[in-house]
Amino acid sequence: MSADPAVSTADLEPRKGSPSPRLDEAAFKRRFLNQFKDPAYGDLQAELSKLASAAWEAYAHSRKSPKTRKAGPGFADPDYDLAEDWLAARDAIHAAQERNEDPNGPIRILLINGSTRSEHTCPGELSKSYRMVEIARAVLEQQPRVKVEVLDLSRVASEYGRQIHPCKACFSTSAALCHWPCSCYPNYSLGQIHDWMNEIYPMWVEAHGIMIITPVHWYQAPSALKLMIDRLVCADGGNPDPTSTHGKHAKEAKELEMKGWPYPRHLAGRMFSVIVHGDTEGTENTRRSLSDWLKSMDLVPAGALAEIDRYIGYWEPYATSHAAYEKDQPMQEEVRNAARTLYEAVAAKRRGHQVSAGEELQPPRQK
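The text that follows walks through the structure, step by step, so that each part is easy to find. (Residues numbered from 1 in each chain as written. Predicted model: local features only at pLDDT ≥ 70, side-chain atom pairs only at ≥ 80, totals over all residues. Heavy atoms only, no water.)

### Some thoughts on the pattern of salt bridges
Item 1. Per the stated rule, a full pass over the model turns up 24 salt bridges.
Item 2. Ionic pairing is found between K29 and E25, a salt bridge with its closest N-O pair at 2.9 Å. Of this pair, K29 and E25 are both found in helix α1 (residues 25-33), four residues apart, which corresponds to roughly one turn of the helix.
Item 3. Salt-bridge contacts for E333 lead to R340; the nearest nitrogen and oxygen are separated by 3.2 Å.
Item 4. On the accessibility criterion, E333 (32% relative accessible area) is partly exposed.
Item 5. Connected through shared salt-bridge partners, R155, E159, R162 and E199 make up one network. (Salt bridge = Lys/Arg side-chain N within 4 Å of Asp/Glu carboxyl O. Helix = DSSP H or I, 4+ residues; strand = E, 2+ residues; numbered from the N terminus. Buried < 20%, exposed > 50% of the residue type's maximum accessible area, 1.4 Å probe, protein only.)

Below is the structure:
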């Protein structure tokens with residue numbers, strides 16, 4: 001993105017005008033205390049009242065990041081106060097990148113279960129996606145020098161405090177305002193904490209290959225998977241230096257972008273596989289949209305066998321969907337083949353061979 005001399009200062013002024021979401025003290029405290037309905041808190045009303053007052057004070061003063069330290073060398077503004085949470089996430093990403101680039105390290109594969117279904121909360125039954133993840137893991141772990149990590153997004157629905165907060169669309173205001181890693185969370189004053197993405201970003205960064213296995217929800221990706229997808233926007237063009245925009249200073253970010261934005265591709269070159277399954281409709285469109293999204297971030301398709309969209313128990317009762325899956329041995333074999341294809345593509349790339357859509361391109365013969 002290059003500078004445009006025709007852009008005026010007024011063009012870069014942030015537009016405002018939506019109604020304020022701010023709560024008054026009484027409304028804030030009612031909402032804060034609403035999380036303590038269990039009788040176990042019955043004898044703690046005095047303590048809870050003190051907590052509510054402290055939470056209100058933090059909210060009233062918008063203390064998003066109460067613990068900060070000076071950015072230090074290597075940043076545009078070394079004296080700017082950066083959140084300790086963000087600095088820790090950045091350090092984790094840098095360490096993950098070193099693992100990714102280590103020529104003596106293992107082949108690292110990230111398996112992602114995109115389904116929110118789990119036996120550990122409603123509905124009391126695991127997902128077919130997770131069973132496919134286990135099939136893929138078994139295949140991959142048989143390969144030499146492989147380290148497999150599983151990211152089970154069903155934990156967003158079943159684990160206490162496991163959250164992925166929604167993207168706030170900073171990129172739509174300016175690419176420079178979207179920080180890598182995301183600096184929107186945690187926001188302590190708004191109670192937007194326990195954000196899982198600071199652990200998820202390093203998983204993507206260290207991986208050489210990524211496989212997403214997911215069902216279709218209403219023609220689209222499930223909500224937990226979509227939350228992660230949206231929050232990965234900072235991995236594609238995001239600004240690695242929040243001091244260059246002095247945090248979330250929108251106008252500064254716009255001015256910086258218009259000087260010419262380099263659009264860094266933080267996940268470029270990683271191989272991917274996508275498996276989408278459904279019961280009635282929407283698998284092909286969902287698989288294609290996931291593949292297009294990954295390719296738009298400069299990830300590389302592992303090959304035709306690594307991209308699958310299939311129906312399991314087509315238009316059959318949901319109550320017997322697991323039985324239909326167990327009978328569908330060809331589908332299970334396709335999952336195995338996708339895992340093998342992803343491994344082979346990553347292994348070829350690690351050998352220094354050029355890979356295009358899963359095909360290992362041989363160097364031209366010398367005459």
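So, next bit.
### A look at the pairing of strand β3 (residues 107-113)
Item 1. Of all seven residues in β3, seven are buried; the element is thus mostly enclosed.
Item 2. Where burial is concerned, the two faces of β3 agree: the one with I107, I109, L111 and N113 and the one with R108, L110 and I112 are both buried.
Item 3. With seven bridges joining them, β3 and strand β4 (residues 146-152) adopt parallel strand pairing. Residue pairing in the sheet places I107 in a bridge with V146 of β4.
Item 4. For the crossover from β3 across helix α4 (residues 128-140) to β4, the handedness is right-handed. (Pairing = 2+ DSSP bridges. Right-handed = clockwise from strand over helix to strand, strands pointing away.)

### Description of the packing of α4 against helix α12 (residues 329-350)
Item 1. Close contact between α4 and α12 brings their axes to 9 Å; oriented N to C, the two are set at 45°. In this view, α4 runs oblique relative to α12, as classed from their interaxial angle. Our pair here, α4 against α12, has a crossing hand that is right-handed. Of the residues in α12, those in contact with M132, I135, A136, V139 and L140 of α4 are M331, Q332, V335, R336, A339, R340 and Y343.
Item 2. The residue makeup of the contact of α4 with α12, split by class, is nine nonpolar, one polar and two charged. (Axes fitted to C-alpha atoms, helices over the stretch in contact; angles between N-to-C directions. Parallel < 35°, antiparallel > 145°, perpendicular 65-115°, else oblique. Left-handed = near helix turned anticlockwise from the far one by under 90°. Contact = heavy atoms within 4.5 Å. Nonpolar A, V, L, I, M, F, W, Y, C, P; charged D, E, K, R; others polar.)

### Notes on helix α9 (residues 250-258)
Item 1. Among the residues of α9, A250, A253, K254 and E257 are the ones counted as buried. Seen end-on, α9 carries its buried residues on one side only, within an arc spanning 100°.
Item 2. For α9, the elements touching its buried residues are α6 (170-173).
Item 3. Just downstream of α9 lies G260, where phi reads positive at about 120°. (Arc of directions from axis to C-beta.)

### A word on helix α10 (residues 283-296)
Item 1. Over its 14 residues, α10 runs 20 Å from end to end, which matches the ideal 20 Å to within 8%, given 1.5 Å per residue.
Item 2. Among all positions of α10, only T283, T286, R287, L290, S291, W293 and L294 are buried. Projected down its long axis, α10 shows its buried positions confined to an angular sector of 160°, all on one face.
Item 3. If you follow the buried residues of α10, they end up packed against α7 (197-206), β5 (209-215), α8 (223-231), β6 (271-278) and β8 (307-311).
Item 4. Backbone geometry just after α10 places D298 at a positive phi near 70°. (Expected span 1.5 Å × (residues − 1).)

### Description of the packing of helix α3 (residues 84-101) against α7
Item 1. Between α3 and α7, the shortest axis-to-axis distance is 8 Å and the interhelical angle comes to 20°. As judged from the angle between their axes, α3 and α7 are roughly parallel. In this structure, the crossing between α3 and α7 has a hand that is right-handed. Note on element contacts: α7 touches α3 through N198, Y201, P202, V205 and E206, opposite D85, A89, A92, I93, A96, Q97, R99 and N100.

### Describing unusual backbone geometry
Item 1. Cis rather than trans, the peptide bond between C122 and P123 has omega equal to 10°.
Item 2. Of note, A169 is a non-glycine position whose phi angle comes to about 65°, a positive value.
Item 3. In this fold, A169 is placed in the loop between α5 (155-158) and α6.
Item 4. In this structure, W218 takes a positive phi of about 50° despite not being glycine.
Item 5. Secondary-structure assignment places W218 in the loop between β5 and α8.
Item 6. Overall, W218 belongs to the exposed group, its relative accessible area being 76%.

### Considerations on the packing of aromatic side chains
Item 1. On inspection of all chains with the given rule, the structure shows twelve aromatic pairs.
Item 2. Between the aromatic rings of Y311 and Y314, the centroid separation amounts to 5.1 Å while the plane-to-plane angle is 55°, which identifies the pairing as tilted.
Item 3. Of the residues examined, Y314 reaches a relative accessible area of 48% and is grouped as partly exposed.
Item 4. Directly above the ring of Y59 sits R22, whose terminal nitrogen or CZ lies 4.0 Å from the centroid. (Phe/Tyr/Trp six-rings, centres within 6.5 Å; stacked < 30°, edge-to-face > 60°. Lys NZ or Arg CZ within 6 Å of the ring centre and 35° of its normal.)

### Some points on a nonpolar patch on the surface
Item 1. A contiguous nonpolar surface patch, about 380 Å² in accessible area, is contributed by Y311, Y314 and W315.
Item 2. Mapped onto the fold, Y314 is located in the loop between β8 and α11 (321-327). (Patch = residues over 30% accessible without salt bridge, like charges linked within 9 Å, V, L, I, M, F, W, Y side chains within 5 Å. Areas by Shrake-Rupley, 256 points an atom, 1.4 Å probe, with all protein chains shown as cover.)

### Examining the environment of Y343
Item 1. When you line up the elements, Y343 lands in helix α12.
Item 2. Exposure remark for Y343: the relative accessible area of 12% places this residue in the buried category.
Item 3. The sequence separation of Y343 and L294 amounts to 49 residues, and the corresponding C-alpha distance is 17 Å.
Item 4. Apart from the residues within four sequence positions on either side, Y343 is in contact with I107, L140, Q143, P144 and V146.

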